[in-house]
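# Observations on the model geometry
Here is what each chain is made of, one letter per residue.
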Amino acid sequence: MTIHNILLVDDSKTELHALSEMLTKRGYSVRTAENGEEAMKRLAEAKPDLILMDVVMPGQNGFQLTRAITRDERFVGVPVIMCTSKSLETDRVWGMRQGATDYVVKPVKSDELIAKIKALG
């Protein structure tokens, strides 16, 4: 599966802008959501090839949202990369247990993230 369309979920407008810019410069099509509710609306509109998921967000956090998405039959096969400032090994393990495919710690290094995305495609 080639990855073209990415859903970026983060409550920080700064992170959304920085990551969107980095990804669009590399040829990816990016749609954004600032919380779990908005993310579910975006998913209902169009199924992405990949989801980049922040953890710390108001309302439903990224762990809960990842669990909901990866257990939803409509989104089978859509990988989720946790993209968060939570850098403890226990956070990474918990994220993977919720269904995440990979885990990246902020500040995101563009080369590392792009390599992880390419490894999926």
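Structure first, text after, so check above.
Definitions and cut-offs
Residues numbered from 1 in each chain as written. Predicted model: local features only at pLDDT ≥ 70, side-chain atom pairs only at ≥ 80, totals over all residues. Heavy atoms only, no water. Helix = DSSP H or I, 4+ residues; strand = E, 2+ residues; numbered from the N terminus. Contact = heavy atoms within 4.5 Å. Buried < 20%, exposed > 50% of the residue type's maximum accessible area, 1.4 Å probe, protein only. Pairing = 2+ DSSP bridges. Right-handed = clockwise from strand over helix to strand, strands pointing away. Axes fitted to C-alpha atoms, helices over the stretch in contact; angles between N-to-C directions. Parallel < 35°, antiparallel > 145°, perpendicular 65-115°, else oblique. Left-handed = near helix turned anticlockwise from the far one by under 90°. Nonpolar A, V, L, I, M, F, W, Y, C, P; charged D, E, K, R; others polar. Salt bridge = Lys/Arg side-chain N within 4 Å of Asp/Glu carboxyl O.

### Focus on the environment of Leu23
Looking at the element boundaries, Leu23 is found in helix α1 (residues 13–25). It is 8.1 Å that separates the C-alpha atoms of Leu23 and Ile114, two residues lying 91 residues apart in sequence. Those residues in contact with Leu23, other than ones at most four positions away along the chain, are Ile6, Tyr28, Val30, Leu52, Leu113, Ile114 and Ile117.

### Some details on the environment of Ala119
Among the structural elements, Ala119 can be located in helix α5 (residues 110–120). Overall, Ala119 belongs to the exposed group, its relative accessible area being 68%. Spatially, the C-alpha atoms of Ala119 and Leu19 are 18 Å apart, while their sequence positions differ by 100 residues.

### A look at the pairing of strand β2 (residues 29–33)
Bridge analysis of strand β1 (residues 5–9) against β2 gives five bridges, and the strand direction is parallel. Looking across to β2, one finds that Val9 is bridged to Ala33. At this point the chain moves from β1, through α1, to the parallel β2, and the crossover so formed is right-handed.

### Things to note about the packing of α1 against α5
At a closest axis distance of 11 Å, the pairing of α1 and α5 adopts a crossing angle of 60°. Taken together, the axes of α1 and α5 lie oblique to each other. Of the two possible hands of crossing, α1 and α5 adopt the one that is right-handed. Packed against α1, whose contacting residues are Leu19, Met22 and Leu23, the element α5 presents Ser110, Leu113, Ile114 and Ile117 at the interface. Partitioning the contact of α1 with α5 into residue classes produces six nonpolar, one polar and no charged.

### Comments concerning the sheet that holds strand β4 (residues 80–84)
Pairing between the strands of a sheet comes from backbone hydrogen bonds, and it takes one of two forms, parallel or antiparallel. Ordered by their spatial adjacency, five strands build an open sheet running β2-β1-β3-β4-β5, and the pairing between neighbours is parallel. Looking at strand neighbours, the two that pair on one side only are β2 and β5 (102–105), the edges of this open sheet. Pairs of neighbouring strands in the sheet enclose a mean axial angle of 20°, with direction left out of account. Relative to β4, strand β3 (residues 50–53) runs parallel, the two sharing three bridges. Of the residues in β4, the one forming a bridge with Met53 is Met82.

### Structural notes on the pattern of salt bridges
Enumeration according to the criterion identifies 13 salt bridges in this entry. Residue Arg74 pairs with Asp72 through a salt bridge whose shortest N-O separation is 2.6 Å. Judged by its relative accessible area of 17%, Asp72 is buried. Its salt-bridge partner being Arg92, residue Glu89 comes within 2.9 Å of it at the nearest N-O pair. With Glu89 and Arg92 both in helix α4 (residues 89–97) and three residues apart, the pair spans about one turn of that helix. Judged by relative accessible area, which is 48%, Glu89 ranks as partly exposed. Through salt bridges with shared partners, a single ionic network connects Arg31, Glu38, Arg42 and Glu45.

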